[in-house]
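An overview of the molecular structure
Spelled out, the chains give:
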There are 2 protein chains.
Amino acid sequence: MSAELFVAKHRDTLNTALEALTSRGYWSPYPEMPSPRVYGETAAADGETAFQGLQNRPFDLDQPGAGEGRVGGERSPFGFDLGITYPRVDREALLGAAEAALPAWRDAGPLARAGVCLEILHRLNAHSFLMAHAVMHTTGQGFLMAFQAGGAHAQDRGLEAVACAYAEQAAIPASARWEKPQGSKAPPLVVDKTWHLVPRGVAVVVGCATFPTWNGYPGLFASLATGNPVIVKPHPNATLPLALTVRVAREVLAEAGFDPNTVLLAADDPAAPIAKDLCTDPRVRIVDFTGSAAFGTWLERNCPQAQVYAEKSGVNYLVIESTDDFKGLTRNLAFTLSLYSGQMCTTSQNIFIPKDGIETEDGHKSFDEVCQGIATAVDKFLGNTERAVEVLGGICNPDTLARIDEARGLGRVVLDSRAVDHPGFPEATVRTPILVALAAADRAVFEDERFGPIAFLIACESGAAALTLAAETVEAKGAITGGVYTVNPEMEARAVDLALRAGINLALNFTGGVYVNQSAAFSDFHATGANPAANAALSDAAFVANRFRPVCIRRMGA
Amino acid sequence: MSAELFVAKHRDTLNTALEALTSRGYWSPYPEMPSPRVYGETAAADGETAFQGLQNRPFDLDQPGAGEGRVGGERSPFGFDLGITYPRVDREALLGAAEAALPAWRDAGPLARAGVCLEILHRLNAHSFLMAHAVMHTTGQGFLMAFQAGGAHAQDRGLEAVACAYAEQAAIPASARWEKPQGSKAPPLVVDKTWHLVPRGVAVVVGCATFPTWNGYPGLFASLATGNPVIVKPHPNATLPLALTVRVAREVLAEAGFDPNTVLLAADDPAAPIAKDLCTDPRVRIVDFTGSAAFGTWLERNCPQAQVYAEKSGVNYLVIESTDDFKGLTRNLAFTLSLYSGQMCTTSQNIFIPKDGIETEDGHKSFDEVCQGIATAVDKFLGNTERAVEVLGGICNPDTLARIDEARGLGRVVLDSRAVDHPGFPEATVRTPILVALAAADRAVFEDERFGPIAFLIACESGAAALTLAAETVEAKGAITGGVYTVNPEMEARAVDLALRAGINLALNFTGGVYVNQSAAFSDFHATGANPAANAALSDAAFVANRFRPVCIRRMGA
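Quick caveat: nothing in here was measured; it's all calculated off a predicted structure.

Some thoughts on the sheet that holds strand β12 (residues 317-320) of chain B
On the basis of which strands lie adjacent, the open sheet formed by ten strands has the order β5(A)-β6(A)-β21(A)-β20(B)-β19(B)-β12(B)-β13(B)-β18(B)-β17(B)-β16(B) and mixed pairing. Strand pairing shows two members of the sheet lacking a second neighbour, β5 (175-180) of chain A together with β16 (412-415) of chain B, which therefore form its edges. In this sheet, neighbouring strand axes are inclined to one another by 25° on average, regardless of whether the strands run parallel or antiparallel. Here β12(B) pairs with strand β19 (residues 482-485) of chain B via four bridges, running parallel. Each residue of the ladder has a partner; that of B:Val319, found in β19(B), is B:Val484.

What follows is the structure, given as structure tokens:
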């Protein structure tokens, strides 16, 4: 099938996506429920079978430099080794193959590239059950979350990047005649111009351990849609979801008549990490990264040859100043703090509360009562073990267990973390959140990101002081999400003002079925790029427009 | 007059500019001819009087930190001291004032900011005669060129940046309702969202000595239109044009009810340069720079807290492979090489020619005949002294004189540079171009930028080898302009392919009244950002979209 046919097949989706980007209401073309009516009666079983078929064998991926040995040691946080191996990276072979693929992909133009990208996403969507298992058993997400965040929502983010990239490219005309009048006595000066959009060069996507597809697809598809060959370097604990993605991409590229090496996998070896050498290679001109602040900052400082888009870490905040729905507030927080054991870049860590308590629909509640209310809600929410293990998922990194332990000594434990036995996976590592009360003076403790199911309840001098302290932590350490509960219009205005100054997206009075840690493609920009947590937002013009450059060929007009 | 009235006054201009950006044909709202019918019968005399009135006195500019003494030592390349002094910079006062101006300017929103920017440009246009004198007697440009490049064309570039910035901001809606269906039995989830476009912070424009307004306005207006207060730091030899600009901007800002400190002047002192301390200040979040590769690269590496948009230097090329209009070619080159004594970032330096000569409409011409043809055309073009001094202008930097001297020893001099006596300014420093023949092996000589009226005629193995060598110099050292003369379709295709690979705008067979060193706003992107000469293009989406960030306030829907 040629690229033109893919364009025709997906033109409506592209057009709707372009419209959605400007209206920014709710929209998704990829159904988020694992429903047999949508995905097919056998899709669930087929996906599970396919996942089992991948285990304990080499992953089938024919790309340059394979044959140099195998790497791989993924272990499911639900308690078993995947036993899958991937080709060991031959960096020269990969970079050479990517560079060789560039001219034809560049010359295909924005529309053909969008068509190919949409077909890749379409096929990834069809593989959503397999992908859900792959994401679940590398990241530790529960199945439904893995299906949604690793499947449909990641595909949404990929499509968003494709549409955004297409829009920016389409804004530059392919050609124009420049005709400058020279007065009544002389003919005009005429120059015929054609613009060619050239990609920056080879792009690298450095994947993360927790949301390999959701965080990886924006950079992958933004670079691909703008003409750059992409080398995908997954986190070594979460290679499979991106390896599956690369395989689908290569299959579609080849079918459309392009070099499959336009997308390549660089499977990492924890014993000999490749990211630094790869990202600093002079041939690499774009790096997309999600992960630690330390390595993100290292990339920003040490890859002057490349555009670096980095989502790093931050300390997300909530301020509880007052509310007219304390029950809704605590229910909302119970879900936010529990979801995927807080292993999200959007989970709230620091909950600032006036030390003298807050006003609620039930009258005044002391600081301790507020803390206890949240603790009770978390406990109740996770009281049902079947629901608890689905929501919490597994802990994907042993360091997180150590951080939970350490948190016990950082302040007064309001709710301790406990292990949960998973009915389906006896070896799974499942933990509930720990809530620790601190004082405003414990800034050194709460200003550090403590990734995982760890939240601090921080007693502040007042509601206003809480808002200020929250903004200061964002300015110092960055954040992806912020939330404020208040029924006081002045406090709300102050919260908005501080959010604008600190450059943080703000959720006000979230008490229902929408959560501060959720971010919807085509509507929410993920991160702002305006505080230290990230230097870009997913996905806006700034995220795509510098991945290609306009080159003009000027000819004297006849 | 309020910002709303400025918006109403200039709405048509803004709309036409937005349209021009997408069609990219010829358009300019600012007349480039210094015509009394356009600018008024007394405009020329008024401008000259105003310029004389500025000389030998303190420049009137009331801004924070003034009173710390004065700086200034501008000398006209036409042979006299301007005698103008500016307030010495109090960095803390300037940065504090800029930060204080931010919130109101941010909250004004994109349309009000565009209205204020357009009024600033409108008044700058009305001051075009004064500006022409200011640019002429700081940069050394001839009067007409100073009027055009320093006036109307610079205003075009400013307007282009405003329109581009407005378009990118307008693409994000002010608000949207996100409404996610929950099936037939439950009400939808509803979130009301408002987006606030927040500026990065304080912006600094580092001006250059040769085109202070043309190169300074894009960054100034792009930052201003996106909500960032701007501190303008001119080159100490060309402070006046930007000081006038800042004064007009402050006047319009105040009239519109904004803090005039939204735009500030930081006049530099050659004895104690301020750029490094200013640009690395943590409060500075955007830097626009035009100047040397060394300092541009320094800024890129040493301002991690800021977005740095840098136009550095490069070695522009021409390749003469064959032509059917040798006379037109040589006439075209004579103008290009002579204009403003080659003190342009767009002037061709390296002219690659097959060592065995080329085919022309008059048959074969040897390498020496081609060189001689160009030399003769330059000589003839500059034979008329009155025209010569207008075209050449004055040499603005003594280092350029030294480079001309040095060039005499670098190869075989085909045409020597000579001093020209300026009929109107006996003390002016006027020089014609020097043409030096080199071999392809003299790469170390021609790969360096040698700013000024210095061009190399480089004998290459063949036309194909000439194209390859040109592309290699672009990839190694960068370039803003490239040009190729060929009647051979295969060579033309090869030239285009190499231009796309090297990321260089290419002029093909320019023989008439359009020149490779000219760049028209709304049509030509100036530089590509795809080779070492510049990391950005004037002005595309990438140049503006990262100067602001979208911040979302989310509220649960009713």
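What to know about the packing of helix α11 (residues 326-338) of chain A against helix α12 (residues 367-381) of chain A
Residues and elements named next belong to chain A. For the pair α11 and α12, interaxial distance at closest approach is 8 Å and the crossing angle is 60°. One way to sum up the angle between α11 and α12 is to call them oblique. Relative to α12, the crossing made by α11 is right-handed. Contacts from Phe 326, Thr 330, Arg 331, Leu 333, Ala 334, Phe 335, Leu 337 and Ser 338 in α11 reach Glu 369, Val 370, Gly 373, Ile 374, Ala 377, Val 378 and Phe 381 in α12.

Details of the sheet that holds strand β5 (residues 175-180) of chain B
The pairing of strands in a sheet comes from backbone hydrogen bonds and takes either a parallel or an antiparallel form. Here we have ten strands laid out as an open sheet, ordered β16(A)-β17(A)-β18(A)-β13(A)-β12(A)-β19(A)-β20(A)-β21(B)-β6(B)-β5(B), and mixed in their pairing. Since the sheet does not close on itself, it has two edges, and those belong to β16 (412-415) of chain A together with β5 of chain B, each with one partner. The mean angle between the axes of side-by-side strands here comes to 25°, regardless of whether they run parallel or antiparallel. As paired strands, strand β20 (residues 506-508) of chain A and strand β21 (residues 548-556) of chain B are joined by three bridges and run parallel to one another.

Points about the domain arrangement of chain A
Residues and elements named next belong to chain A. Annotation of chain A at the domain level lists domain 1 (3-312) and domain 2 (317-508). If you average the C-alpha positions of domain 1 and of domain 2, the two centres end up 33 Å apart. With 19 residues of domain 1 at the interface, the matching set in domain 2 holds 17 residues. Between domain 1 and domain 2 the total buried area reaches about 1,300 Å² when both faces are included, carbon and sulfur atoms providing 65% of it. Area buried by domain 1 at its contact with domain 2 is led by Pro 77, Phe 78 and Met 145, which between them contribute 35% of it. Between the two partners, domain 1 and domain 2, sit zero salt bridges. On the surface where domain 1 and domain 2 come into contact, there are four residue pairs in polar contact (both at pLDDT 80 or more). Where the side of domain 1 that touches domain 2 is concerned, the elements lending two or more residues are α5 (128-139) and α6 (143-170). Among the elements that take part in the side of domain 1 that touches domain 2, α5 stands out by supplying four residues, more than any other.

Some words on the packing of helix α1 (residues 3-23) of chain A against α6(A)
All names here are of chain A. At a minimum axis separation of 9 Å, α1 and α6 run at an interaxial angle of 85°. The angle between the axes of α1 and α6 places the two elements in the roughly perpendicular class. Here α1 contributes Thr 13, Leu 14, Ala 17, Leu 18 and Leu 21 to the contact with α6, which in turn contributes Leu 159, Glu 160, Ala 163, Cys 164, Tyr 166 and Ala 167. When its residues are assigned to classes, the contact of α1 with α6 shows nine nonpolar, one polar and one charged.

Here's the deal with the UniProt feature "domain: Aldehyde dehydrogenase" (unreviewed entry) in chain A
Sequence positions flagged by UniProt for "domain: Aldehyde dehydrogenase" (unreviewed entry) are, in local numbering, residues 91-503 of chain A. A helix fraction of 48% and a strand fraction of 19% characterise residues 91-503 of chain A, whose end C-alpha atoms lie 38 Å from each other.

Notes on unusual backbone geometry
Excluding glycine, most residues fall at negative phi; most peptide bonds, likewise, are trans. Residues and elements named next belong to chain A. In this model, Leu 538 is joined to Ser 539 through a cis peptide bond whose omega is -20°. Of note, Ser 539 is situated in the loop between β20 and α18 (541-544). In this model, Asn 56 sits at a positive phi of 60°, which is unusual for a non-glycine residue. Mapped onto the elements of the fold, Asn 56 is located in the loop between α3 (43-54) and β1 (70-71). The backbone of Tyr 340 sits at a positive phi, close to 50°, despite the residue not being glycine. We classify Tyr 340 as buried; its relative accessible area is 0%.

Looking at the interface of chain A and chain B
Contacts between the two partners involve 72 residues from chain A and, on the opposite side, 72 residues from chain B. At the junction of chain A with chain B, the criterion picks out twelve salt bridges. On the surface where chain A and chain B come into contact, there are 30 residue pairs in polar contact (both at pLDDT 80 or more). At eight residues, the largest contribution of residues to the side of chain A that touches chain B is made by strand β21 (residues 548-556) of chain A. Taken together, the residues of the side of chain A that touches chain B sort by class into 37 nonpolar, 16 polar and 19 charged.

What to know about the state of the cysteines
Taken as a whole and judged by the stated rule, the model has zero disulfides over all chains. B:Cys164 provides the cysteine sulfur closest to A:Cys552, a residue in no disulfide bond, and the two sulfurs are 16 Å apart. In this structure B:Cys345 is a free cysteine whose sulfur lies 7.6 Å from that of B:Cys208, the closest cysteine sulfur available. By relative accessible area, which is 19% here, B:Cys345 ends up buried.

Here we look at the relation of the copies chain A and chain B
Between chain A and chain B, the superposition needs a rotation of 180° and an axial shift of 0.0 Å, giving an RMSD of 0.0 Å. The transformation relating the two chain copies, once decomposed into turn and shift, fits a two-fold axis. Identified as the residue of chain A closest to the rotation axis by C-alpha distance is A:Ala542, at 3.0 Å. The residues that chain A uses at the interface reappear at the interface of chain B in 100% of cases, marking a shared surface.

Regarding the packing of aromatic side chains
Tallied over the full model, the rule gives 38 aromatic pairs over all chains. Arranged with centres 5.3 Å apart and planes meeting at 90°, the rings of A:Tyr39 and A:Phe147 form a pair that is edge-to-face. Linking A:Tyr39 in helix α2 (residues 36-39) with A:Phe147 in helix α6, this pair joins segments that are 108 residues apart in sequence. With 5.6 Å between their ring centres and 85° between their planes, B:Phe352 and B:Phe446 make a pair best called edge-to-face. Linking B:Phe352 in strand β13 (residues 350-354) with B:Phe446 in helix α15 (residues 443-446), this pair joins segments that are 94 residues apart in sequence. Each member of the pair, B:Phe352 as well as B:Phe446, carries the same accessibility label: buried.

So, the pattern of salt bridges
Residue and element names in this part refer to chain A. Overall, the coordinates contain 62 salt bridges over all chains when judged by the stated rule. Residues Arg 123 and Glu 251 are paired through a salt bridge, measuring 2.9 Å at the closest nitrogen-oxygen approach. Of the two residues, Arg 123 is situated in helix α4 (residues 91-126) and Glu 251 in helix α8 (residues 240-255); the sequence distance between them amounts to 128 residues. A salt bridge links Arg 408 to Asp 416; the shortest N-O distance between them is 2.7 Å. Counted as one network, the salt bridges with shared partners bring together Lys 9, Glu 119, Arg 123, Glu 251 and Glu 255.

Side note on helix α7 (residues 212-225) of chain B
Residues and elements named next belong to chain B. A rise of 1.5 Å per residue sets the reference length of α7, with its 14 residues, at 20 Å; its end C-alpha atoms lie 19 Å apart and thus fit the reference within 8%. Burial runs high along α7: 14 of the 14 residues are buried. Positive backbone phi, at 100°, marks Gly 227, one or two positions downstream of α7.

Conventions and cut-offs
- Residues numbered from 1 in each chain as written.
- Chains lettered and ligands numbered in written order.
- Predicted model: local features only at pLDDT ≥ 70, side-chain atom pairs only at ≥ 80, totals over all residues.
- Heavy atoms only, no water.
- Pairing = 2+ DSSP bridges.
- Helix = DSSP H or I, 4+ residues; strand = E, 2+ residues; numbered from the N terminus.
- Axes fitted to C-alpha atoms, helices over the stretch in contact; angles between N-to-C directions.
- Parallel < 35°, antiparallel > 145°, perpendicular 65-115°, else oblique.
- Left-handed = near helix turned anticlockwise from the far one by under 90°.
- Contact = heavy atoms within 4.5 Å.
- Domains from an automatic or database assignment.
- Buried area = accessible area lost by both parts, 1.4 Å probe.
- Salt bridge = Lys/Arg side-chain N within 4 Å of Asp/Glu carboxyl O.
- Polar contact = N/O pair within 3.5 Å; in protein donor to acceptor, adjacent residues only side chain to side chain.
- Nonpolar A, V, L, I, M, F, W, Y, C, P; charged D, E, K, R; others polar.
- UniProt positions renumbered as here; feature names shortened; annotations may be inferred.
- Buried < 20%, exposed > 50% of the residue type's maximum accessible area, 1.4 Å probe, protein only.
- Disulfide = S-S within 2.5 Å.
- Least-squares fit on C-alpha atoms with pLDDT ≥ 70 in both.
- Phe/Tyr/Trp six-rings, centres within 6.5 Å; stacked < 30°, edge-to-face > 60°.
- Expected span 1.5 Å × (residues − 1).

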